[in-house]
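Structural overview
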Amino acid sequence: PEVQKLGEAFNAMTTRLASARRDLARAERAAAWQGVARQVAHEIKNPLTTIGLALDNMEREFEALPADARARVDKRVRALERELASLADLAESFSTLGALPIMRPQTVDLNALVESLVAMSPWQHVEITTALDPAKPRAWADERQIRRVLRNLVKNACEAQPSGGRVRIVTGHEDGTSRVTVEDDGPGIPPDVQAHMFDTG
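These lines cover the structure that appears in this document, whether it is placed above or below.

Reading guide: rules and limits
Residues numbered from 1 in each chain as written. Predicted model: local features only at pLDDT ≥ 70, side-chain atom pairs only at ≥ 80, totals over all residues. Heavy atoms only, no water. Pairing = 2+ DSSP bridges. Helix = DSSP H or I, 4+ residues; strand = E, 2+ residues; numbered from the N terminus. Axes fitted to C-alpha atoms, helices over the stretch in contact; angles between N-to-C directions. Contact = heavy atoms within 4.5 Å. 1 Å grid on protein atoms, 1.4 Å probe; cavity = no way out; pocket = protein on both sides within 12 Å on 5 of 7 lines; lining within 4 Å. Points joined across faces, edges and corners; volume = space filled by probe spheres on them. Nonpolar A, V, L, I, M, F, W, Y, C, P; charged D, E, K, R; others polar. Buried < 20%, exposed > 50% of the residue type's maximum accessible area, 1.4 Å probe, protein only. Polar contact = N/O pair within 3.5 Å; in protein donor to acceptor, adjacent residues only side chain to side chain.

1. Re the sheet that holds strand E5 (residues 177-184)
Reading across the sheet, the three strands line up as E2-E4-E5 and stay open at both edges, with mixed pairing between neighbours. Lying at the two open borders of the sheet, with one neighbouring strand each, are strand E2 (126-131) and E5. Averaged over all neighbouring strand pairs, the angle between strand axes comes to 15°, with direction disregarded. The pairing of strand E4 (residues 165-174) with E5 spans eight bridges and is classified as antiparallel. Bridging across to E5, Glu 174 finds its partner in Thr 177. Lying on the sheet, helix H3 (residues 110-119) is in contact with E2, E4 and E5; it crosses E4 at an angle near 165°. With respect to the sheet, helix H4 (residues 143-159) is in contact with E2, E4 and E5, its orientation differing from that of E5 by roughly 20°.

If you want it as structure tokens, here you go:
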């Protein structure tokens, strides 16, 4: 019995050592990635600062434009500023890789969010239409985080149709819940991929 117990203890120790070795390897990889992520964040922030200053300078020049042109340009500049803030937030997330992002919830106008995303759409091969609820649904959320999620949904929908197609974004509010729906004419997600969409690890 003593030999048996010794053998069991030895096997358990071997298992724990193997697990510890795997954990150490994961930690080393994570540390390496964190170093790379911080460098990437630094490289992203530099041009973002330059772009922000350029936008500020452009705004000062808008006063010389006719009123109708100024209104059109101002709308696009505001959309650019929001995208710039989203990129800055993404860079910050890279610099703190491994930590949960800090949430900054506020009241978000979903219609305005969708309109600004469509105004800045780089996917010219796809027709993007909207059906915005006139009641102007709002959500209590971190605007930068939800903007990133919605932009990725629209991006995926457009990239799923490389030969052209349609994407429709719908906002609504029902039973105390605000919704944004992104529909497209793409092939959809294969069933085998759907089964693992929300797997982690």
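2. As for empty space enclosed by the protein
Per the stated rule, a full pass over the model turns up one cavity of 30 Å³ or more. Estimates place the volume of the largest cavity at around 60 Å³. Lining the largest cavity are Glu 83, Leu 117, Met 120, Ser 121, Pro 122, Trp 123, Arg 151, Val 154 and Ile 169. By residue class, the composition of the lining of the largest cavity is six nonpolar, one polar and two charged.

3. As for H3
Buried residues of H3: Leu 110, Asn 111, Leu 113, Val 114, Ser 116 and Leu 117, and no others. Taking the backbone nitrogen of Asn 111 as reference, a side-chain oxygen 3.1 Å away marks Asp 109 as the first, capping residue of H3.

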